[in-house]
Each structure stands twice: as structure tokens, then as C-alpha cells.
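Spelled out from the first residue to the last, the chains are:
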Amino acid sequence: MIVLGIETSCDDTAVALYDTSTDQVLANIISSQCDIHPKGIMVELAARAHAENITTTFNAALKKSGISKTDIDLIAYTNTPGMVSSLMVGACFAKGLGYSLGIPCISVNHLQAHILSSFIEHQLPDYPYISAVISGGHSNLYYVSGCTYSLIGQSIDDSAGEILDKCAKLMGYTYPGGPHIEQLAKQGISGKYRLPLPMSVDTSLNLSFSGLKSAFARIWEKCPQTYADKCDLSYELQRRIVQSLIKKLTSAIRDYPVQHINFVGGVSRNRFFQEQINIFATAQEITLHLANMDYCQDNGEIGRAHV
Ligand code: KG4
Ligand code: ZN
């Protein structure tokens, strides 16, 4: 069976084709909108760009996979959560194509697709497991037992990705900020600046990052704003974000004993975060599952992942 995955929930128009008989991703094409949102995502512009790009992205995926559209058996499209006008573009395209080809369309929850993204190329672990979906829109912890996903913790304000984007913007970098912060932090010196550990006395599984952003902004405004300051502050920001995540993951595996966790979503592309969470998992004698770098962030294949 050939499955078409369509993802338009945010700023990437993504289309993937997958062959279930050979378990192969035939194409995974992403048309990025980073250039049109240098200061952050503009909802109306994003929807217009999806409408302009979706047909060419779909045609590029067909060309890459070498199949014809009449070979497609099923369409999976993201229907929630996300920006409504952007989601509508994917949904309308999927339903129109499904109708014209006479094939079924199924809607996919974007977060559930992220949860499964680390198992596109790797074997699913035994249930239950804990999933940390850390992206631009969400910082959610789930207890996954089979097809049941229970939300056990979430950010009560900004997501980790949003904080990275906002702090990078303060320092003059374009969206998405996460990759800029990661590069700067590599040259940062530990201990030069101090940010607070979010939710340090909170015992719930919820996360909070907006205080970190305010503390970052206060230091940034008063410091000399040299390149070295950018690096040192980025280092400290990453250190506190991952410490906070690990603190909550420690509580999560205490409350929900599991042998496996996965770390997914755009922020999970960050090597420093991957390494730190891996150190935590090894110490706890649990297995960490990461997605292939191409599948951490939004893409059409995460739509297929849910199928
Ligand atoms: O999952 P995603 O592509 O979209 C949402 O569903 O939100 O995640 C986008 C987020 C952005 O905030 C971006 O800055 C962050 O992922 N990101 C990173 C890195 N690459 C992307 N954060 C940290 N390090 C990275 N290398
Ligand atoms: Zn996402």
C-alpha cells in the first residue's frame, strides 16, 4: 500500500510517500518557509505560502519516488493541533485529492505523529514508554501504552522551542532560533552567566520556561552584548532547559515506571540535549529512543508515522 502523508500545521509544507509493502520512505519533501518568517511565524503568510507550495511539493514527492498519483492508496493529513488556516490548506488538498482518486483520507494528530517519529526507522519498544515531545509549539510529556497516549505533563507557558526562538531573536538571529543557539552554545563558557532553574521546587510533571526567557532578557539588556556574551548566555540557556527537562523526566519515571523513553520534536535535533538526556537515561538504566534527524522536526513522514 502506498501512503501519502501531508503536514501543514505550522511553517513547513511537507509531503511524504511511503510504501508499506517494502517499509520504505519513497520521498520526504519539505518546502520550508524560514525565509518568509525571519522574525517569527506570521499566520496569514504561512497559510498563503502553504497554498502556493503544496502542489509543487506534492509533484516533487511524486517525481522523487517515481510513482504516479494513481498508485496512492491512502492519504494521511495533519488536522490538529496547529494554525487553523494552515491546517485547512493541507486538509483541503488531501480531501480534494482523495475524492478525485477515489481513495480514503485519514486525519492525524500532529503530536501523536511526533510521538511515533522515532520509530519510523527503528523498532517500536515494548509498551509502556514515556515520550517527551519538545517542539516549537509544545513541551509535552506522555505516558504511552499501546494506542493510548496520556498527557502527564506540559509547559504551563511557553514551549522550550519558543524560548530558544525568542532568546535568539533578542540577540538578533532569525527564526528558527534553536539551531543558532545550539551553534553559539558550542563556544560558550560554563558559569559565566547564571539563569534560574525553572520550576525548581515544583513537584508536578509540568514545565515552565517563560521565567527563563525573562531572566535571559534581563541579563542580555545589561551585558556588553559581544559575540562571547551570546555564546555564554546560549550555553547557560541550553543547560537550564535540559536540566529542567531531566528533572521532570526523573519524576515521570518515578511516577510511571518504564523501560523506554523517547525524545522527539524539533528541539530534539539539538545534540547537546540528546547527549544530556542520553546520560540521564543510561544512569536510570532505561533506553532512550531518538528520531532520525530528518524526522525530529515537522515533515510529511510524521503524518505517515501514525498510519
Ligand atoms: O517540531 P517542529 O519542527 O515544529 C513544531 O511542531 O513546533 O519544532 C520547531 C522548533 C523551533 O522552535 C526550533 O527553534 C526548534 O524546533 N529547533 C531546535 C533545533 N532545530 C530546530 N532547537 C534546538 N536545537 C536545534 N538544533
Ligand atoms: Zn511539530
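See above for the structure.
The following paragraphs examine the structure supplied in this document. What you are looking at is a predicted structure, and each value in this text was computed from that prediction instead of being measured.

### A word on the overall build of the protein chain
In terms of regular secondary structure, the protein chain is built from ten helices and ten strands. The C-alpha radius of gyration of the protein chain comes to 20 Å, within 12% of the 19 Å expected for a compact globule of 307 residues. Overall, the protein chain is about 60 × 45 × 30 Å in size when its C-alpha atoms are taken along their principal axes. In the protein chain, buried positions account for 54% of the 307 residues. For the protein chain, long-range pairs separated by at least 24 residues make up 70% of all intrachain contacts whose partners lie at least 6 apart in sequence.

### Side note on the site of ligand 1
Near ligand 1 lie 20 residues; those nearest to it are G136, D165, G178, E182 and G266. In this structure, an oxygen atom belonging to ligand 1 sits 3.0 Å away from a main-chain N or O atom of G137. At 3.2 Å, a backbone N or O of G161 approaches an oxygen atom of ligand 1. Look at ligand 1: alone it shows 550 Å² of surface, and the protein chains cover 92% of it. Class assignment for the residues of the shell around ligand 1 results in four nonpolar, twelve polar and four charged.

### Concerning the pairing of strand β7 (residues 139-145)
Judged by how many residues are buried, β7 sits mostly within the fold: five of seven residues are covered. The hairpin formed by strand β6 (residues 129-134) and β7 contains four residues between the paired strands. Two elements, β7 and strand β8 (residues 148-154), share six bridges in a ladder whose sense is antiparallel. Each bridged residue has a counterpart across the sheet, and for L141 the counterpart in β8 is G153. Connecting β7 to the antiparallel partner β8 that follows it, the hairpin turn spans two residues, and G146 within it adopts a positive phi of roughly 65°.

### Quick look at the pattern of salt bridges
Per the stated rule, a full pass over the model turns up ten salt bridges. Residue R254 pairs with D255 through a salt bridge whose shortest N-O separation is 2.9 Å. A residue is classified by how much of its surface remains accessible, and D255, at 40% relative accessible area, is partly exposed. The network of salt bridges with common partners includes D158, E162, K166 and K213.

### Some details on a nonpolar patch on the surface
There is a patch of nonpolar side chains on the surface, built from I36, M42 and L45 and spanning about 260 Å² of accessible area. Along the polypeptide, I36 turns up in the loop between β3 (24-32) and α1 (43-65).

### Focus: the pairing of strand β10 (residues 287-290)
Pairing of strand β9 (residues 260-264) with β10 involves four bridges; the strand directions are parallel. Bridge pairing in β10 links N262 to H289.

### Quick word on the coordination of the zinc ion (ligand 2)
Tetrahedral coordination by four donors places them ideally at 109.5 degrees to one another around the metal; octahedral coordination by six donors ideally gives 90 or 180 degrees. Distances from the zinc ion (ligand 2) to its protein donors, H110 (NE2), H114 (NE2) and D298 (OD), fall within 2.0 to 2.1 Å. Considering all four donor atoms around the zinc ion (ligand 2), the spread of angles at the metal, 98 to 138°, places the coordination shape in the irregular class. The sequence pattern formed by the donor residues of the zinc ion (ligand 2) is H-x3-H-x183-D. Of this pair, H114 sits in helix α3 (residues 110-116) while D298 sits in the loop between α9 (293-296) and α10 (300-305), and the two are 184 residues apart along the sequence. The class for H114 is buried, based on a relative accessible area of 0%. By relative accessible area, D298 is classed as buried at 12%.

### Quick word on the sheet that holds β10
Strands sit in the order β8-β7-β6-β9-β10 across an open sheet of five strands; the sheet is mixed. Every interior strand has two partners, whereas the edge strands, β8 and β10, have only one. Averaged over neighbouring strand pairs, the angle between their axes works out to 25° when direction is ignored. Against the sheet, helix α7 (residues 227-255) engages β6, β7, β8 and β9, with an angle of about 155° to β6.

### Side note on the sheet that holds β3
Sheet architecture is open: five strands sit in the order β3-β2-β1-β4-β5, paired in mixed fashion. Looking at the sheet topology across the chains shown, the edges are occupied by β3 and β5 (105-109). Along the sheet, successive strands turn relative to each other by an average axial angle of 20°, direction set aside. Of the strand pairs in this sheet, strand β1 (residues 2-7) and strand β2 (residues 12-19) are connected by six bridges, and their pairing is antiparallel. From the neighbouring strand, E7 faces β2, where its bridge partner is A14. Across the face of the sheet, α1 comes into contact with β1, β2 and β3 while running at roughly 25° to β2.

Thresholds, definitions, all that
- Residues numbered from 1 in each chain as written.
- Chains lettered and ligands numbered in written order.
- Predicted model: local features only at pLDDT ≥ 70, side-chain atom pairs only at ≥ 80, totals over all residues.
- Heavy atoms only, no water.
- Helix = DSSP H or I, 4+ residues; strand = E, 2+ residues; numbered from the N terminus.
- Rg over C-alpha atoms; globule rule 2.2 N^0.38 Å.
- Buried < 20%, exposed > 50% of the residue type's maximum accessible area, 1.4 Å probe, protein only.
- Contact = heavy atoms within 4.5 Å.
- Near = heavy atom within 4 Å.
- Polar contact = N/O pair within 3.5 Å; in protein donor to acceptor, adjacent residues only side chain to side chain.
- Areas by Shrake-Rupley, 256 points an atom, 1.4 Å probe, with all protein chains shown as cover.
- Nonpolar A, V, L, I, M, F, W, Y, C, P; charged D, E, K, R; others polar.
- Pairing = 2+ DSSP bridges.
- Salt bridge = Lys/Arg side-chain N within 4 Å of Asp/Glu carboxyl O.
- Patch = residues over 30% accessible without salt bridge, like charges linked within 9 Å, V, L, I, M, F, W, Y side chains within 5 Å.
- Donors = N, O, S within 2.8 Å, 3.2 Å for Na, K, Ca; no water.
- Tetrahedral: all angles 85-135°; square planar, octahedral: opposite > 155°, others 65-115°.
- Axes fitted to C-alpha atoms, helices over the stretch in contact; angles between N-to-C directions.

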